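Geometric and topological summary
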Amino acid sequence: MATRPGPLTEWPWQRTGNFKYLVMAPVVVHGAYRVMTKGWGDIDLAYSLILPSLALRMIHNQIWISLSRYQTARSKHRIVDRGIEFEQVDRERGWDDQIVFNGLLFYAGYLAMPSVRRFPLWRTDGAVATALLHAGPVEFLYYWFHRALHHHFLYSRYHSHHHASIVTEPITSVIHPFGEHIVYFTLFAIPMLSTVYMGNGSALVFVLYIVYIDFMNNMGHCNFELVPKWMFQVFPPLKYLMYTPSFHSLHHTQFRTNYSLFMPFYDYIYSTMDKASDELYENSLKGTEETPDLVHLTHMTNLQSAYHLRVGFASIASKPSDNSEWYMWTLWPLAWLSMVVAWIYGSSAFVVERIKLKKMKMQTWVVPRYNFQYGVTWDRESINDLIEKAILDADVRGVKVLSLGLLNQAKQLNGNGELFRQKYPKLGVRIVDGSGLATGVVLKSIPSDAKQVFLHTGTSKVARAIAMALCGRGIQMPEDGASYLKCSSNDITKIWLVERIDDKEQRMAPKGTVFIPISQFPLKKVRKDCTYLSTPAMKIPDTMQNIHSCENWLPRRVMSAWHIAGILHVLEGWSVHECGDDMMDSEKAWSVAIRHGFVPLTKA
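Bear in mind the structure is a predicted one, so any value in this text is a computation, not a measurement. Think of each chain on its own: its residues are numbered from 1, step by step along the sequence as written. Selection of residues for local features in this predicted model requires a pLDDT of at least 70, selection of side-chain atom pairs for listing and counting requires 80 or more, and totals for whole chains, interfaces and linings are taken over all residues. With hydrogens and water excluded, all non-hydrogen atoms of the structure serve as input to the side-chain values.

Attention now moves to the nonpolar core. Remark: nonpolar core denotes a set of buried residues (Ala, Val, Leu, Ile, Met, Phe, Trp, Tyr, Cys) joined through side-chain atoms within 4.5 Å. We call a residue buried when its accessible area falls under 20% of the maximum for its residue type, exposed when it is over 50%, and partly exposed in between, using a 1.4 Å probe and counting protein chains only. One finds Tyr47, Trp95, Val116 and Phe188 to be the most contacted residues of the largest nonpolar core, which totals 53 residues. Counting from the N terminus, the helices are DSSP H or I runs at least four residues long and the strands are E runs at least two residues long. Elements with a minimum of two residues in this core: α2 (45–48), α3 (50–74), α5 (97–112), α6 (124–149), α8 (178–198) and α9 (203–220). Sorting elements by how many residues they give to this core places α8 first, with eight residues. Only heavy atoms matter for contacts: two residues are in contact if any of them lie within 4.5 Å across the pair. Residues in contact with Val116, not counting those within four places in the same chain, are Ala46, Tyr110 and Val196. Counting 47 residues, the second largest nonpolar core, distinct from the first, contains Met362, Val441, Ile446 and Ala463.

In structure tokens, the structure reads:
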């Protein structure tokens, strides 16, 4: 929202959520009626392109979002080296509002101008006219309107909403108040309406003009430099006809320069060209190599997790993965396809996240495999090969610590990482499974006055450490779990530490039981009269930057204990591995985490 919102700030459907798409119902109903009464032959080219062109724009924009997030996580060509936070993601959640708005206006124009219904597929003279009209009136009028928007009166009421994003993403380009978009569409309508009245308009030119606008908008806000220098060397005038991401990035950091839409020549004419434009372009193109101090190696979980990755859908990634949107079921075919492609062609882990904590740099790498694949015996060797490749890659790059997340550290897979330590005894990178801190987090979740705890776990490393610690505190634990579950509910303790537990066993717990998971995966919540704690995790310090997605099912700005353990290894300069049977002292790991600003989710 702008700092002092003016008239027409909100979109008409802003309070309807995803039901806003229903405003396109008249287009669908109209088309269905024409087909039912007159047949498919009554649907002309212009009408048939309205809805497909909107879908094309959404796909086009999503490709840019994923590409930008992937490149800014791994590429050395990022322009502004600062983080994005949840506030920006929430503000930019409605990036498709302008697509819906444009669809409605195209439909209205179709009804109002009968000549549009006779549009051919293509006319070259119309394409030339569109290009000239864009370079002339559109770019000129936009330049002066943009400068006016930076006057304090309009800026505070409208344009400040857009400039709240200092570090831009492709979708930042269309995050404006409704009133601004009315003016923008009026400007972009100049070439389209002109060709209609000149009689040389065509359907494909309209579609390609909108694609051009989207392409340039997304490119200018992607925050990594991708325009090669040779383009300007081969055709020097191009520097006046096409901006670069670094050119427009300066507008978001300096505010009073580089006002042009896509063609910078008006900034040259009116002396508003930022003097640092060429230097920033050269430096961004050259880039700076960066080695992370920590790599957290995780993997996909269920099929929908592909969309929950930071490089997936921004709005979905900003929520815990168990809060799926209603429309996710429609994406199952695409999810299955992505899983098959990853299984066949996924030959290495890929970068999805880049985080900073003061001077410490971290990346999250994802193994292209899903939960169910880790349970397939014949696929374990290939998964271990992927993990091994990631470890060796991190070692070559000079990474200090690699933490194993989720099933990448499973005992039955690689012995909590011991397989790699034994195979490569001279590894420079430290392998961390995080079991010490995970144990500490679980122990601190148990009420200090507890006398008895039911330990419903297997023989994992964390389970053994917890059992030994509880025995040392004199807490009673039933030895025969099967007979214990058959006791009357009055005799059963209400604190259950669980690793895996089925629905039937959960229902045996007395009312008011507190289920405390000790594994990396959350429990299925069967009981409404019981309390389910989070998987071992802690709130992260406020100084941790570029956090704008949730780690799997965890809430915002909460990180798993296994991930945090790797961070502590780097911060403390610990030179030992924590894998196999080796484990950090849980109390020490907990104390160090608290000292570095990590906060417990629950108080014992």
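Read on for the rest.
This part is about the sheet that holds strand β11 (residues 544–545). Any two strands with at least two DSSP bridges between them are considered paired. Spatial strand order, β5-β4-β1-β3-β2-β11: six strands in an open sheet with mixed pairing. Edge positions in the open sheet fall to β5 (430–432) and β11, since each of these has one partner strand only. Across seven bridges, strand β2 (residues 350–357) lies against strand β3 (residues 360–367) in antiparallel orientation. Paired with Leu357 across the bridge in β3 is Met360.

With that settled, consider the sheet that holds strand β8 (residues 514–517). One open sheet holds the four strands; their spatial order is β6-β7-β8-β9, and the pairing between them is parallel. Edge strands, defined here as strands with exactly one partner in the open sheet, are β6 (454–456) and β9 (531–532). By the bridge criterion, three bridges tie β6 to strand β7 (residues 495–498) in an arrangement that is parallel. By the bridge assignment, Phe454 is partnered in β7 with Trp496.

This part covers the packing of aromatic side chains. Two aromatic rings from Phe, Tyr or Trp, using only the six-membered ring of Trp, form a pair when their centres are within 6.5 Å; if the ring planes differ by under 30 degrees the pair is stacked, by over 60 it is edge-to-face, and anything between is tilted. All told, the structure shown has 31 aromatic pairs when counted by the stated rule. Ring geometry for Tyr143 versus Trp144: centroids 5.2 Å apart, planes at 90°, classification edge-to-face. Since its relative accessible area comes to 35%, Trp144 is described here as partly exposed. A ring pair is formed by Trp144 and Tyr270, whose centres lie 4.9 Å apart and whose planes are at 70°; its orientation type is edge-to-face. Taken together, the positions of Trp144 in helix α6 and Tyr270 in the loop between α13 (265–269) and α14 (277–286) put the pair 126 residues apart, joining distant regions of the chain.

Moving on to empty space enclosed by the protein. The method works on a 1 Å grid over the protein atoms by themselves. A cavity is a set of points holding a 1.4 Å probe that cannot get out, a pocket is an open set with protein on both sides within 12 Å along at least five of seven lines, and residues with an atom within 4 Å of a point line them. Grid points are joined across faces, edges and corners, and a volume is the space filled by probe spheres set on the points. The full count for this structure, using the stated rule, is six cavities of 30 Å³ or more. Looking at the largest cavity, its volume works out to about 450 Å³. As for the largest cavity, its lining consists of 33 residues, of which Thr298, Glu353, Cys550, Glu551 and Asn552 are closest to the centre. Sorting the residues of the lining of the largest cavity by element identifies β1 (294–299), α15 (305–308), β2, β3, β12 (558–560) and α26 (561–572) as the ones contributing at least two each. Each residue gets one of three labels, nonpolar for Ala, Val, Leu, Ile, Met, Phe, Trp, Tyr, Cys and Pro, charged for Asp, Glu, Lys and Arg, and polar for the others, Gly among them. Broken down by class, the residue content of the lining of the largest cavity amounts to 14 nonpolar, 15 polar and four charged. The calculated volume of the second largest cavity comes to roughly 330 Å³.

UniProt positions are given in the numbering used here, feature names are shortened, and annotations may be inferred rather than shown by experiment. Using the residue numbers shown here, the UniProt feature "domain: Fatty acid hydroxylase" (unreviewed entry) corresponds to residues 136–272. Along residues 136–272 the backbone is 66% helical and 0% strand, and the end-to-end C-alpha distance reaches 18 Å.

The next point concerns α5. If you check α5, its first and last C-alpha atoms are 23 Å apart, about what 16 residues at 1.5 Å a residue would give, namely 22 Å. For α5, the set of buried residues is Asp97, Gln98, Ile99, Val100, Phe101, Asn102, Gly103, Tyr107, Gly109 and Tyr110. Residues of α5 that are buried sit in contact with α1 (25–38), α2, α3 and α8. Multiplying 1.5 Å by the helix residue count minus one yields the expected span of that helix.

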